[in-house]
Amino acid sequence: MKIAVVGTGYVGLVTGTCFAETGINVTCVDIDETKISKLKSGIIPIYEPGLDQLVLQNVEKGRLHFTTNVRESIEQSELVFIAVGTPPGEDGSADLRHVLEVARQVGRFMTNYLVVVTKSTVPIGTAVKVKAAIQDELQKRGVELDFDVASNPEFLKEGNAIDDFMKPDRIVVGTETEQAQKVLSKLYKPFTLNGHPILFMDVPSAEMTKYAANAMLATKISFINDIANLCELVGADISMVRQGIGSDARIGNKFIYAGAGYGGSCFPKDVKAIIKTAESYGYRLRLLEAVDNINEDQKKILVKKISQHFKNHLEGKTFAVWGLSFKPHTDDMREAPSVVIIKKLIKAGAKVKVYDPVAMHEAQKVFGNTIEYGKDPYDVLIDADALVLITEWPEFRILNYKILEKLLKNKVVFDGRNIYDMAEMTENGFDYYGIGRTNVK
Ligand code: NAD
């Protein structure tokens, strides 16, 4: 089988590479020439554990190809994945510009029966638009060709993408015809052999499943953050409360960690987009409106704590920031809480020195020379007024109190992910601020 994956970002590159790994001939297409030329010369443009090795292996075996030539890749494929970005539009709804552009190209260049699969996260009803765009182009060409549009949302997590793709909790596929279902069944067979389920459903349900999943996960985070904020007021510790509620099997202990808010390229935009979808049907998703608002506030919570500690005098202060990516094991900084926090500190007149194991180049794009970049975690501590932990990379977990004390001007730590032991901090003479934990001060 020969397939094309249009859009070679976090999702497209992982999808293409994992399918190639099963022996399928895959062409990854992108309009970004720099990205494609990097990939052609063996440079992986994103940080994703294990991906570089897998890409190189499959390129070497002749199963994985990279191109900017959309026409050729569509002409030669039996199935096309659309994996381009669906960024938020100005009003928060999903911007389908790239998806529909690819759909038009499919209509322009297809030469035989094709299954067109949206892997991008797209609002309910998008498959109908994709179909119409393809049909439109075919009509312009004056040709009649059979095709199917299917929906196959992606659930991979950045930082664990290969494993998630290879051993999925489930594969969701929305189809309208038996033929499309047969093609997708065959394509995904290698991934389902060890009991990983493939769920076939109608297209709107598949499109909805992706938004409902991300909305549910975002809800868990905003819920625990809201409870964490109350914990501080009533003198409770969210870490204890988390364990207390998480041991109830109906609640479960996953994804209920309080912190500095969720970020990334998915949760914030998908929550906003589903709210907009509901609005367009005259319905208000009140719970998700609250989830979104709570998260916006939560991203500011560390700065609030910092300001309070320094009695609103941040001008001239220096802050050492550990962790910039929206979560560990990725270089992705889209919608990362670090961006909000650092911008606010700078606006208040503070100087910021940062360190992240892999996101420093992304940070350069966001902050340019408005901040200082350290060469290791301890480098940024020199003469800083406080340490601010934003992303819980494993290498930040164990603190060397002696070095910390020696390098920092003040013994103050703001822990945006509750990874440090509050009692140990206090024993070592540090002022410690976590999220939802009763402060020792
Ligand atoms: P990305 O921004 O990393 O990559 C998108 C790629 O599409 C870019 O390289 C861009 O140049 C390319 N592109 C845009 N228009 C194009 C066109 N007309 N032809 C060819 N290429 C084009 O995005 P991503 O993070 O991979 O996300 C892609 C989609 O998958 C989004 O809808 C997202 O919501 C969804 N998704 C993302 C994740 C994730 O963790 N990143 C997980 C699940 C689903």
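Note that the structure is a prediction, hence the values are computed from the model and not measured. Numbering of residues starts from 1 in each chain and follows the order in which that chain's sequence is written. A pLDDT threshold of at least 70 governs which residues receive local features in this predicted model, and a stricter bar of 80 or more applies before side-chain atom pairs are shown or counted, although totals over entire chains, interfaces and linings include all residues.

A. Here's a closer look at the overall build of the protein chain. Counting from the N terminus, the helices are the DSSP runs of H or I reaching at least four residues and the strands are the DSSP runs of E reaching at least two. Broken down by element type, the protein chain carries 17 helices and 14 strands. Overall, the C-alpha framework of the protein chain stretches about 75 × 50 × 40 Å when taken along its three principal axes. Looking at the protein chain as a whole, 46% of its 441 residues are labelled buried. The contact rule is simple: place each C-beta atom from the backbone, and if two of them lie within 7 Å, those residues are in contact. The contacts in the protein chain between residues at least 6 apart in sequence include a share of 72% that link residues at least 24 apart. With C-beta atoms placed from the backbone, a residue counts as buried when 20 or more other C-beta atoms lie within 10 Å of its own, as exposed when 12 or fewer do, and as partly exposed for counts between those limits.

B. Looking closely at the site of the ligand. Each residue receives a C-beta atom placed from its backbone. It is near a molecule or strand if this atom lies within 6 Å of it. Neighbouring residues of the ligand: 26 residues in total, closest Gly7, Gly9, Val11, Ser120 and Thr121. Taken together, the elements giving at least two residues each to the shell around the ligand come down to helix 1 (10-21) and helix 5 (97-109). Here the term charged refers only to Asp, Glu, Lys and Arg, the term nonpolar to Ala, Val, Leu, Ile, Met, Phe, Trp, Tyr, Cys and Pro, and the term polar to all other amino acids, Gly among them. For the shell around the ligand, the class distribution of residues is ten nonpolar, ten polar and six charged.

C. Local environment of the UniProt feature "binding site: NAD(+)" (unreviewed entry) in the protein chain. Residues given the UniProt feature "binding site: NAD(+)" (unreviewed entry) here are Asp30, Lys35, Thr86, Thr121, Glu158, Lys269 and Arg334. The annotated residues occupy 305 residues of the chain and do not converge on a single region, their most distant C-alpha atoms lying 23.9 Å apart. Take Lys35: it is sitting in helix 2 (residues 33-40). Setting aside residues up to four positions removed in sequence, Lys35 forms contacts with Thr8, Asp30 and Pro45. Checked against the element boundaries, Thr86 lands in the loop between strand 4 (79-82) and helix 5. Those residues within four positions of Thr86 in sequence are excluded, and the remaining contacts are Ala94, Asp95, Leu96, Val99, Ser120, Thr121 and Val122. UniProt positions are given in the numbering used here, feature names are shortened, and annotations may be inferred rather than shown by experiment.

D. Focus on unusual backbone geometry. A positive phi angle, close to 65 degrees, is found at Asn312, a residue other than glycine. Mapped onto the secondary structure, Asn312 falls in the loop between helix 13 (301-309) and strand 9 (318-322). A count of 10 C-beta atoms within 10 Å places Asn312 in the exposed class. Backbone geometry places His329, a non-glycine residue, at a positive phi of 70 degrees.

E. Inspection of the nonpolar core at higher detail. The nonpolar core is taken to be a set of buried Ala, Val, Leu, Ile, Met, Phe, Trp, Tyr and Cys residues joined by way of C-beta atoms within 7 Å. By size, the foremost hydrophobic cluster in this structure holds 126 residues, and its most contacted members are Val6, Val80, Ile82, Val106, Val116, Leu387 and Val388. Excluding residues within four positions of it along the chain, Val116 makes contact with Val80, Ile82, Val106, Val130, Ile134, Phe147, Asp148 and Val149.

F. Quick look at the sheet that holds strand 9. Taken in spatial order, the six strands of this open sheet run 11-10-9-12-13-14, and their pairing is parallel. Two strands bound the open sheet, and with one partner strand each, they are strand 11 (372-373) and strand 14 (431-433). Here, a strand pair is defined by DSSP locating no fewer than two bridges between the strands. Relative to strand 12 (residues 386-389), strand 9 runs parallel, the two sharing four bridges. Across the sheet, residue Val321 finds its bridge partner in strand 12, namely Val388.

G. Structural detail: the domain arrangement of the protein chain. Domain segmentation is taken from an automatic or database assignment of domains. Considered domain by domain, the protein chain is made up of domain 1 (2-199), domain 2 (211-297) and domain 3 (299-433). Look at where the C-alpha atoms of domain 1 and domain 3 centre, and you get two points 38 Å apart. Each partner contributes residues to the interface: domain 1 has eight residues there, and domain 3 has seven residues.

H. Region of interest: helix 5. Taking 1.5 Å of rise per residue, the 13 residues of helix 5 would be expected to cover 18 Å, and the 18 Å separating its terminal C-alpha atoms lies within 8% of that figure. Every buried residue of helix 5 is listed here: Val99, Val102, Ala103, Gln105, Val106, Gly107 and Phe109. Elements in contact with the buried residues of helix 5: strand 1 (2-6), helix 4 (70-75), strand 4, strand 5 (114-118) and helix 6 (126-141). What a helix is expected to span follows from its residue count: subtract one and scale by 1.5 Å.

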